[in-house]
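# Reading the structure
Read off the chains here:
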Amino acid sequence: MLRATLKSLLGRKLRLVLSGLAVVLGVMFVAGAFVVTDTLGRSFDQLFATAFAGTDVSVAAKPKIQVSEMEGEQVQSALPAAAVAQVRDVAGVKSATGMVNADGARVIGSDGKVLAGTGPPRLGENWVGESDLLKLRAGRGPQKDDEIAVNALIAKQGNLKIGDRVGVLTLEPKKLFTLVGIWGYQGDKDSIGGSQEVAFTEPVAQQLMIGKTGEFTSIDVKAAEGVTPEQLRDQISQKLGAGYDVKTGQQLADDNAAGLKEFLGFFNKILLGFASVALFVGIFLILNTFSIIVAQRTRELAMMRALGASRRQVIGSVLLEAVVIGLVAALLGLGAGVGVGAALGELFASLNDGFEMATVGVPLSAILSSLIVGVLVTVVAAVLPALRASRISPVAAMQDVATPDRPLTKVSVSGAVVGAAGGTMLAIGLYGSGGLWLILGGVLVSFIGVALLTPLIARPVVSLLGRLFSWSVPGRLGRLNSGRNPRRTAITAAALMVGIALVTGVTVVMDSAKTSLAAQAEDTIKAQIVIGGDQNGPRPPTFDPAVLEKARQEPGVRNVAGIWNDQAQINGKLEYVTATDDLAQLTDTYGAAPLPKLADDQIVVSSETAADHQWQIGSVLTVQLSRGDERRYTVSAIYQENTLPANYLLPAAATKDFGIPQPNFGFVRLDDGATLAQVLPGIKALVADSPEVSATDRTTFIDQQVSDFDTVITMVQVLLALAILIAVLGVVNTLALSVLERTRELGLLRAVGLSRSQTMRMVTVEAVVISVFGALLGVVVGSGLGAAVVRALNDDGITKLVLPWGGMGLYLVLAALVGVLASVLPAIKAARLNVLAAIAAD
């Protein structure tokens, strides 16, 4: 039986290739995800090991608010200069140097634009001289308060040279400095990990990066000879007490790498999620392939049964084929995944100048997951065909026909039950408290239910679609062929349905959210002009607060309000907070109900937030901002939900303790009768010195804010393209095997006058009808799933259901094109059949 199975495999190489290709592509995605995250993880390990190679021990104050890499940017607390003296007095300390090193120094290049910074930090620091790691390439270090030095990466990106006057944005608005030095790093590197670094004199660095002179962000400590970093760390910790983080250089490297690896883990899960979709689609392809092959081998399998093969042996024979195909495909997918992982790593490095990739490696997780997933997916898909093969009676060896198509009652009932279970899971997840995993499980089960129900509607729907092509004999034949086996057609179409349904569902949700939020913003924001910018990195764009007061003096301006954003711990819980310089003017620019002026110790909250925490006017909240000491604020008012741009509003006095003490947005409402054409040019002139922001009309601002939804849709379409490609392979596979199955029939058609071109058109019509049927299913199912999610999000402000009619029409047109392309090879094979040999075929 083993020899017969292996001979069967080698005798049907096309089946092996087409079946395995779906697994190869899915496993490639899985392996690539593990390879790229492992490679990037080791790259970050190397990066921080290099950055802290010269650090024995570092001392920093514990942050006021602990923020993870996924939650936002950690704001460092300041150390008093006295702490440096304390550390110097500790036994075993060779030297202790106060350091200023904080993110947020944005350099303006020679073209007047802020240098891009999408990932690595943009550090502002105090100049402490050269070291083993850092060497000047030109000029000298800053000695005057209007001088700076920069790393070579900034000089190259900004086209800067010694002697240039350079603008820098920090915690304060733009200031001009003379560039006096450019440095590089050991190994002829322009930067460490793509970070941009600007060095100031010590007092300037303290003022611009911390907000106060006489303080540091950390202390760099060198150990005396014979003292280990661990010993020195423990001695300093004992001296300073519990208010400080004292770590060795190795600990700092590990901690920084761990924070970025948290993000990599999240990224890995996203890639694996899309890989799972691709593999799920691949199951349909393999299931269909083995089902067709079992039907084609009816006489062969029946003969084996007649010669003494047991049902168990037949099942084992089919599953052994699946194991071999899965194993070969898994190994090929692993190899391809290594290449994909390396390519993604290089793409990441190319987007971050100065980032050095570690050598591409293949982690054990990639090998094991590839082998397990590849074999498991193939075997699971082959189980049903294997059971069906075992039920073939020995008497079938005397028949000339394949097993007839069975009634659809059982599969339809099963589909209804599974679909109802999936719908129930979705309902509980969306409207109850089931959570994300229950929603994802509901989507998966719903897809299986729809796939099981698809044979029931395949014949009538395919017949209806086929009428579009029934104006010719090949068209009528293609239409009849596509509906002759509803199960086969349904499985092939279901594979395409999954990808199209997910893309359509995401598009429905994103477009609905985009339209709902845009409409809500149009109804809420009464300001005709908005000052703001697009956030392209970890730090939001800001502008000089003096712009707000100047804008109030512009002719035609009725009210102006600025807002500042930050994170804070409110009663011990991390929350996003907003401050405004004038609450009365903010309510006017937003069209909200008037609120009383905020005192420095007052806070206003939204109605839903107050209800969730059972707060009322007069409640006292404990608030810890990114800087400064913990303070107590009294709730002075509660405003209606969604009428103002935050759940918590603090007074302007609180912004001195914000991580970024400059406004993020400004809202300008015009006097009655004033026009945008009259006022907007003057407001634009006010922000000319704030290159991160611009002044735009309200509609443009809203369009910019919701444009991220389009980016999400594009990303989903790209990531699901692999699943759709596998579905296309399913169409090719079905048609190719169907041509083999109908060899004699095709020979007879040719014999009675069907030409080669007509034969090719017949196969093409069959492919187009199946593809459009799958796309139509996907559009309908995806729209339903998207509508259900939108309905569940009504309470969150997503109130407008938007169906992407243009996109759905495009999917159907593309499906027809896919059908044409998928039919090319099978159609050519069908047209080239030898008529006499085909008629004589068994």
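Below: a short report on this structure. (Residues numbered from 1 in each chain as written. Predicted model: local features only at pLDDT ≥ 70, side-chain atom pairs only at ≥ 80, totals over all residues. Heavy atoms only, no water.)

## Overview of the pattern of salt bridges
Applying the stated criterion across every chain yields a total of 24 salt bridges. For Asp45, the salt bridge goes to Lys261, with nearest N and O atoms at 2.9 Å. Taken as a pair, Asp45 in helix H2 (residues 13-51) and Lys261 in helix H7 (residues 249-296) lie far apart in primary sequence, 216 residues in all. For Asp45, a relative accessible area of 31% translates into the label partly exposed. For the salt bridge of Lys64 with Asp629, the shortest nitrogen-to-oxygen distance reads 3.9 Å. Linking Lys64 in the loop between strand E1 (57-61) and strand E2 (79-80) with Asp629 in the loop between strand E19 (620-624) and strand E20 (631-639), this pair joins segments that are 565 residues apart in sequence. Relative accessible area serves as the criterion here: at 33%, Lys64 is assigned to the partly exposed category. For Asp629, a relative accessible area of 60% puts it in the exposed group. Residues joined by salt bridges that share partners form a network here, namely Arg137, Lys156, Asp188 and Asp190. (Salt bridge = Lys/Arg side-chain N within 4 Å of Asp/Glu carboxyl O. Helix = DSSP H or I, 4+ residues; strand = E, 2+ residues; numbered from the N terminus. Buried < 20%, exposed > 50% of the residue type's maximum accessible area, 1.4 Å probe, protein only.)

## Details of a nonpolar patch on the surface
Side chains of Leu364, Leu368, Ile372, Leu376 and Val380 sit close together on the surface and give an oily, nonpolar patch of about 490 Å² of accessible area. In this structure, Leu376 sits in helix H10 (residues 364-390). (Patch = residues over 30% accessible without salt bridge, like charges linked within 9 Å, V, L, I, M, F, W, Y side chains within 5 Å. Areas by Shrake-Rupley, 256 points an atom, 1.4 Å probe, with all protein chains shown as cover.)

## Thoughts on the pairing of E1
The element E1 is largely enclosed, with a buried count of 4 among its 5 residues. Across 5 bridges, the pairing between E1 and strand E14 (residues 244-248) is antiparallel. When the sheet's bridge partners are listed, Val57 is paired in E14 with Thr248. In the sheet, E1 pairs with strand E13 (residues 218-223) via 3 bridges, with the strands oriented antiparallel. (Pairing = 2+ DSSP bridges.)

## Describing the sheet that holds E13
Strands sit in the order E3-E13-E1-E14 across an open sheet of 4 strands; the sheet is antiparallel. Of all the strands in the sheet, just strand E3 (93-99) and E14 have a single pairing partner and so form its edges. On average, each strand axis in the sheet is inclined to that of its neighbour by 20 degrees, with strand direction left out of account. Along the sheet, helix H3 (residues 81-88) contacts E1, E3, E13 and E14; its crossing angle with E3, the most-contacted strand, is approximately 170 degrees. Lying on the sheet, helix H6 (residues 229-240) is in contact with E1, E3, E13 and E14; it crosses E14 at an angle near 170 degrees. (Axes fitted to C-alpha atoms, helices over the stretch in contact; angles between N-to-C directions. Contact = heavy atoms within 4.5 Å.)

## A word on empty space enclosed by the protein
Tallied over the entire structure, the rule returns 2 cavities of 30 Å³ or more. Empty space within the largest cavity amounts to approximately 40 Å³. Where the lining of the largest cavity is concerned, the elements lending two or more residues are H7, helix H14 (486-524) and helix H20 (708-741). When grouped by side-chain class, the residues that make up the lining of the largest cavity number 4 nonpolar, 4 polar and no charged. (1 Å grid on protein atoms, 1.4 Å probe; cavity = no way out; pocket = protein on both sides within 12 Å on 5 of 7 lines; lining within 4 Å. Points joined across faces, edges and corners; volume = space filled by probe spheres on them. Nonpolar A, V, L, I, M, F, W, Y, C, P; charged D, E, K, R; others polar.)

## As for the nonpolar core
Nonpolar side chains in soluble globular proteins tend to be buried together. Ranked by internal contacts, the top residues of the largest apolar core, which has 95 residues, are Phe44, Phe284, Phe447, Met497 and Val498. The element contributing the most residues to this core is H7, with 18 residues. The contact partners of Phe284, leaving out residues within four places of it in the chain, are Ala451, Ile491, Ala494, Ala495 and Val498. In terms of nonpolar packing, the next biggest core, distinct from the first, is built from 41 residues, Val59, Leu115, Ile182 and Ile236 among them. (Core = buried A, V, L, I, M, F, W, Y, C linked by side-chain atoms within 4.5 Å.)

## Describing a negative patch on the surface
A surface patch of like charges, here negative, comprises Glu608, Asp612, Asp795 and Asp796. Its location among the elements puts Asp795 in the loop between helix H22 (756-792) and helix H23 (805-831). Judged by its relative accessible area of 74%, Asp795 is exposed. (Lys, Arg positive; Asp, Glu negative; His and termini not counted. Charge placed at Lys NZ, Arg CZ, Asp CG, Glu CD.)

## Topic: the packing of aromatic side chains
Counted by the stated rule, this structure contains 7 aromatic pairs. With 5.7 Å between their ring centres and 75 degrees between their planes, Phe665 and Phe701 make a pair best called edge-to-face. In this pair, Phe665 is assigned in strand E22 (residues 665-670) and Phe701 in helix H19 (residues 698-706), connecting sequence segments 36 residues apart. You can call Phe665 buried: its relative accessible area is 16%. Here the aromatic cluster, defined as three or more aromatic residues joined through ring pairs, consists of Tyr590, Phe665, Phe667 and Phe701. (Phe/Tyr/Trp six-rings, centres within 6.5 Å; stacked < 30°, edge-to-face > 60°.)

## What about the packing of H22 against H23?
If you want to describe how two helices pack, look at the angle between their axes and the distance between the axes. Contact geometry for H22 and H23: axes closest at 7 Å, N-to-C directions at 150 degrees. The angle between the axes of H22 and H23 places the two elements in the roughly antiparallel class. Two packed elements cross with a definite hand, and for H22 against H23 that hand is right-handed. A class-by-class count of the residues in the contact of H22 with H23 yields 20 nonpolar, 6 polar and 1 charged. (Parallel < 35°, antiparallel > 145°, perpendicular 65-115°, else oblique. Left-handed = near helix turned anticlockwise from the far one by under 90°.)

## Digging into unusual backbone geometry
One non-glycine residue, Asn571, adopts positive backbone phi at about 50 degrees. Its location among the elements puts Asn571 in the loop between strand E16 (557-570) and strand E17 (573-580). Positive phi is not limited to glycine here, since Gln614 has a value of about 60 degrees. Inspection of the secondary structure assignment puts Gln614 in the loop between helix H17 (607-613) and E19. Note on Gln614: relative accessible area 73%, which makes it exposed.

## Some details on the environment of Leu320
Looking at the element boundaries, Leu320 is found in helix H9 (residues 311-351). You can call Leu320 partly exposed: its relative accessible area is 29%. On a C-alpha basis, the gap between Leu320 and Ala382 in space is 9.6 Å, while along the polypeptide they are 62 residues apart.

## Side note on the side chain of Thr524
Relative to the helices and strands, Thr524 is located in helix H14. A polar atom in the side chain of Thr524 sits 2.7 Å from the backbone oxygen of Gln520. Apart from residues no more than four positions distant in its own chain, Thr524 is found in contact with Thr589, Tyr590, Gly591, Asn642 and Thr643. (Polar contact = N/O pair within 3.5 Å; in protein donor to acceptor, adjacent residues only side chain to side chain.)

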